[in-house]
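What follows is each chain in one-letter form.
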Amino acid sequence: MKRKRSGSRLPFFFRLPDQSIFRKALARRENADAASEFEELYQLRLARDGRRAALGWRRRQLVHLWIRLAGEALRRKLFERNRPARPTAQSAGETMSNILTDLRLSLRALLRAPLFSLTVLLTVGLGIGGSTAVFSVVNSVLLQPLPYSQPEELVKIYTASPPSRWPFSVADYLALEEQQTSFDRVAAYNYGGMFLESGDEVERVSAMPLTWAYPELLGLQPLVGRVFEAGDGRVGAEATALISHGFWMRKMGGDPAALGRPIRLNDRAYTVIGVLPSQMGPLEHSREVFPILQFDTPSRKGPFFLHIVGRLGEDVDAAAAAAELRAINRRIFPIWESSYPDERASWGMQDLREAVVGEVGRPLAVALGAVAFVLLIASVNAANLLLARVVRQRRALAVRAALGATRFRLARQLITESGLLGMAGGILGIAVAAGLLRLVEVFGADYIPRLQEVGLQGPSWGFAVVVTAASSLLFGLVPALEGSRPGLERDLGSQGRANTEGARPRRLRKALVALEFAVAVPLLVGAGLMLASFSNLAAVDPGFRTENILTVGVEFRMSRYPRMSDVRAFWDEALPRLAALPGVGAAGLANGRPPNQYPMSNNFNLLDRPTPPTESQPAVPWVAINPEYFQVLGVPLLQGRMLRETAEDADIEVMVDNTWARRFYPGEDPLGRRFTSGGCDGPECSRLVVVGVVGDVKYAGLGDSSQGTVYTLQRLNPTNWTYLFARTERDPDLVLPSIREVLRARDAQLPLFSVSTIDDLMAENLQSPLHASALAGALAVVALLLAATGIYGVMAYFVQQRTAEIGIRIALGGQPSSVLWMVVGQGMRLALWGLAIGMPAAFLLSPLLSGLLFEIAATDLLTYASVALGLTAVALFACLIPGLRASAVDPVKALQSD
Amino acid sequence: MSRRQLGEFEHRILLSILRLGGESYSVPIVLELEERTGREVAAAAVFIVLRRLEEKGLLRSRLEKPRDARTGRVRRYFKLQPAALRQLRESRRVLMRLWENVETVLDEA
């Protein structure tokens, strides 16, 4: 502002000894006229009232003016400096340029401290990325509705006899379809492999046989052609099939003329009537062919292999529908009672989404919670780093405050800085999330349903933005408030210790570090439990020697092996030749495959202790084998003898495993015990007799506690598919070609499937818990590292600030060890506070994990104790470094430097 | 913007300008006020209030070049705006209503 008038040119009116305040006021251009008007008034008085009166008037007016101006200056001093700038008072352009200035300043400041910026950026970016990735999975898998039309009306219907659930039989399904009134429609499907014949080649494709109503029920629209109609489902109608988009492209080159063409599946010709779109729902995903299911009226109730979906009718209450299901089940019970006497089993239903998502809901929710905790620690750590930085910058901030920067202005600058970091962290986070999702797609494919729907979609972006904003706010606000706190100017005065942290920020930083420890505790406990659970699982004895066992699935098609004797003849010829192959030790057969596959679970009734009719008969895995199978696996014969072929009318020999023997005949001899099976209790039913007991083998997954197993002789009742087991003396892969050659020597078209070594199957079985515990472990390690750096940072800073004080202590005869313990003690107090808060929190959160753990309690004392010890040790280590540095302070140097 | 009621001094100044023909500069206003109220007025206060009234949009000012180059005095003329008249009318209405039937009481007292 230019000074309009110098002192000498002021009108007479203002010619006073001290004119500064008037000059200041009149220097403003808009007050120029006021000066001349004052003068005019004075002249008027002078003319009218005389000199004496005019001078008196002038004096009074000047006093008045002085008071006004002084009051004005005072008011400005008091209020304007600390008054937040009102955005309304600024033009938009001004605001914009202020923001740009802030951005420029912040960017410069951040680039000046690259290590600091990079640390914050990485911590926050990883936190945001991890939580966004897990949220994306949770969102797509758990939160998004199923990609079917009106998915909220869809339910899955099943047979229930708590705690188990199993599918429907044909008899069940037909009765349900005929009698139900609650559903718009019901449909059945099942999954399986089918053999596709094209020319001389036979290929196993993944199939999903459907009843005709299925596509319509779920609202599937064909890409080409049509879906099934009621006529397709009638027995005797031409067999039709839908195919997947992938199958259409792969096998038919995407040719629309493929419609109407037959394909041969399992020796039956199906006419292709439609192609489904490439994006399919979780039920159909990765299935290639969808042949029609047509049902004859069944002669008995079982077997149970049909999955049922239903669409609830409009305005039908779910509870009423469930009641109707139970009623129908009760109504048809007497019809099948002779073959199926289990009265307790009823029908139930659940939301289809729940059924699809199944068991992964809880692990995913826990994972989301865990990454959120890590993000919290990361943000707190960033807040801590920023706070330390603000304290270092205090003098610069104080100078700015003294030069007239308002508190708002300073806070805005600091918030811009952290906002910039946060935004960069968010962008990094999105990239990290995209990378992590790739990993999830690769590693999670086997156990996360709906994975094909997972991606960085709208809600994920929204989540990333919200998380970024929230964490920026968290780690930006605390330092900003602290850095712009009034009273900064005082810091200018305290020359010597201008860089020293005040009591307030120090307390804040300590609280933040304690918080980091507190949050890390549940993560570490969770990870510890998961790891212990995994090692328990990995240490489970599968019951046999797993190495060097090759398994090959073999299927006998009805067209080529119409009679059981044909299959028998095949093996009679092939097995000796297989066993004689160089490199093969032994070859056996079984239609179940450890560690997680068995063909069926069968119920039975012990003759000497029959199950009362009102109770469910015990049911256990039922595996058909040949005796060499035990030899291949190395399963020991504990009692009795191996199975032998018996005459038609004699009792059928079976073997049982050790668990079965102990479960049903504890402390007694199980040999010679007899039972009937499959619900058949009459005199016409064949009896089974136990002739031997073998060691336990897991068939229902490593984590499953065995219920016992019954082994029957495969030769007596050859199945149309089985697994060949071969113990090889060298790498199984090297032996595979010669095994294939022997099998195909007799039947060049013999379909082989699912070739795998037992070791691979075991690893596969451990994959999901391995990934889960690896994830938990990684999160816990990150949390631990962050907490450790947090406590290290605070203590190192403490020592740096107190170097002079420590120097004096030592100079006055203080022991270095007492200095060491002072530093370590201060740090450890924080860690212990964290533990004191974190331990109960972990204990309260632990029930969430209980369903995910194998043979370890969620409240396992050892784990908690190890975590407490481990955390204490890490904290001790992190405090020892600055502590040792403090105890080694040279008093002379320390005092000189300050 | 500010629909607040007029302060008393603002009120008086506006009335003075009205009496002076709706447009005037500070000196006649100060004299008018002194004449009508019978008291000495702080000129600084008048200047400040005139500015404030201008900010409120009740007055508009213009600088008048000196007719007489010798004295060289620049005068800032303030003119009443329609909003000022509205406010004056409104405040008169309110005051009249408030004075209804109480004048006699005051006179008797």
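The structure presented is a predicted model; accordingly, all values stated were derived computationally and were not measured. (Residues numbered from 1 in each chain as written. Chains lettered and ligands numbered in written order. Predicted model: local features only at pLDDT ≥ 70, side-chain atom pairs only at ≥ 80, totals over all residues.)

A tally of regular secondary structure across chain A gives 25 helices and 24 strands. Taken across its 898 residues, chain A has 39% of its residues classed as buried. The long-range fraction of contacts in chain A, counting pairs at least 24 apart against all pairs at least 6 apart in sequence, stands at 84%. (Helix = DSSP H or I, 4+ residues; strand = E, 2+ residues; numbered from the N terminus. Buried ≥ 20, exposed ≤ 12 C-beta atoms within 10 Å, placed from the backbone. Contact = placed C-beta atoms within 7 Å.)

All names here are of chain A. Counting 110 residues, the largest nonpolar core has Ala783 and Ile791 as the members making the most contacts within it. For Ala783, the residues in contact, after removing those within four places along its chain, are Phe373, Val374, Ile377, Ala520, Leu523 and Leu524. Counting residues in each nonpolar core, the second largest holds 53 residues, with Ala574, Ile625, Phe630 and Leu713 among its members. (Core = buried A, V, L, I, M, F, W, Y, C linked by C-beta atoms within 7 Å.)

Let us now look at the sheet that holds strand E2 (residues 59-64) of chain B. Residues and elements named next belong to chain B. Reading across the sheet, the three strands line up as E1-E3-E2 and stay open at both edges, with antiparallel pairing between neighbours. Among the strands making up the open sheet, the edge pair consists of strand E1 (23-25) and E2. Put simply, the sheet's adjacent strands are angled 30° from each other on average, direction ignored. Two elements, E2 and strand E3 (residues 75-80), share six bridges in a ladder whose sense is antiparallel. (Pairing = 2+ DSSP bridges. Axes fitted to C-alpha atoms, helices over the stretch in contact; angles between N-to-C directions.)

So, about the environment of Pro847(A). All names here are of chain A. With respect to the helices and strands, Pro847 occurs in the loop between helix H23 (816-845) and helix H24 (861-887). By the C-beta count within 10 Å, which is 10 here, Pro847 ends up exposed. A C-alpha to C-alpha distance of 8.2 Å links Pro847 and Thr859, two positions twelve residues apart in sequence.

Turning to the interface of chain B and chain A, a few remarks are in order. In this assembly, 14 residues from chain B lie in contact with twelve residues from chain A. Residue assignment for the side of chain B that touches chain A shows that the elements contributing at least two residues are helix H2 (26-37), helix H3 (43-55) and E3 of chain B. Residues belonging to the side of chain B that touches chain A are distributed by class as follows: ten nonpolar, one polar and three charged. (Nonpolar A, V, L, I, M, F, W, Y, C, P; charged D, E, K, R; others polar.)

Okay, H24(A) next. Residue and element names in this part refer to chain A. Across its 27 residues, H24 extends 37 Å between first and last C-alpha, which sits within 8% of the 39 Å expected from 1.5 Å per residue. Helix geometry: H24 is bent most strongly at Leu880, by close to 30°, with proline Pro882 lying one to four residues after it. Burial in H24 covers these residues: Thr863, Val867, Leu871, Val874, Ala875, Ala878, Cys879, Pro882, Gly883, Ala886 and Ser887. (Expected span 1.5 Å × (residues − 1). Bend = angle between axes of the 7 residues up to and from the residue.)

So, about the environment of Ala323(A). Among the structural elements, Ala323(A) can be located in helix H9 (residues 318-336). Between the C-alpha atoms of Ala323(A) and Trp347(A), which are 24 residues apart in sequence, the distance is 9.2 Å.

As a further point, take the confidence of the model for chain B. All names here are of chain B. Confidence along chain B averages 83 in pLDDT terms, with 86% of residues attaining 70 or more. Ranking the elements of chain B by mean pLDDT puts helix H5 (residues 103-108) last, at 69, and helix H1 (residues 8-19) first, at 91. Overall fold confidence for the complex sits at a pTM of 0.65, while the interface term, ipTM, reaches 0.85. (pLDDT = per-residue confidence, 0-100.)

In this section: H1(B). Residue and element names in this part refer to chain B. Here H1 is twelve residues long and its end C-alpha atoms lie 16 Å apart, about the 16 Å a rise of 1.5 Å per residue gives. Looking at the packing, one finds that the buried side of H1 touches E1, H2, H3, E3 and helix H4 (82-99). One or two residues past the end of H1 sits Gly21, with phi positive at roughly 100°.

Take the confidence of the model for chain A next. Residue and element names in this part refer to chain A. The predicted model of chain A averages 83 in pLDDT, with 89% of residues at 70 or higher. When the elements of chain A are averaged for pLDDT, helix H15 (residues 488-493) gives the smallest value, 51, and strand E11 (residues 289-291) the largest, 95. Throughout residues 1-8 the model reports pLDDT below 50, and contacts reaching past four residues in sequence, or to other chains, amount to nine contacts. Counted against residues more than four places away or in other chains, residues 493-499, with its pLDDT under 50, gives seven contacts.

Right, let's get into the packing of H1(B) against H3(B). All names here are of chain B. The geometry of H1 relative to H3 is characterised by a closest axis approach of 10 Å and an angle of 85° between their N-to-C directions. Of the possible angle classes, the one that applies to H1 and H3 is roughly perpendicular. When H1 is examined against H3, the residues Phe9, Glu10, Ile13 and Leu14 are found in contact with a partner set consisting of Ala45, Val46, Val49, Leu50 and Leu53. Grouping the constituent residues of the contact of H1 with H3 by class yields eight nonpolar, no polar and one charged. (Parallel < 35°, antiparallel > 145°, perpendicular 65-115°, else oblique.)

Below, the discussion takes up the packing of helix H17 (residues 564-579) of chain A against helix H20 (residues 732-746) of chain A. Residues and elements named next belong to chain A. Interhelical geometry of H17 versus H20 gives an angle of 155° and a closest axis separation of 10 Å. As the angle between them shows, H17 and H20 are arranged roughly antiparallel. Where H17 crosses over H20, the two elements pack in a sense that is right-handed. Residues Phe570, Glu573, Ala574, Arg577 and Leu578 of H17 touch H20, and the partners they reach there are Ile739, Val742, Leu743 and Arg746. (Left-handed = near helix turned anticlockwise from the far one by under 90°.)

Right, let's talk about the pairing of strand E20 (residues 674-677) of chain A for a bit. The two faces of a sheet get side chains in turn, since along a regular strand they alternate between them. All names here are of chain A. Looking at chain direction, strand E16 (residues 600-606) and E20 are connected through three bridges and run antiparallel. Bridge assignment links Asn605 to a residue of E20, and that residue is Thr676. Strand direction decides the pairing type here: E20 and strand E21 (residues 688-694), joined by two bridges, are antiparallel. Bridge assignment links Phe675 to a residue of E21, and that residue is Leu688.

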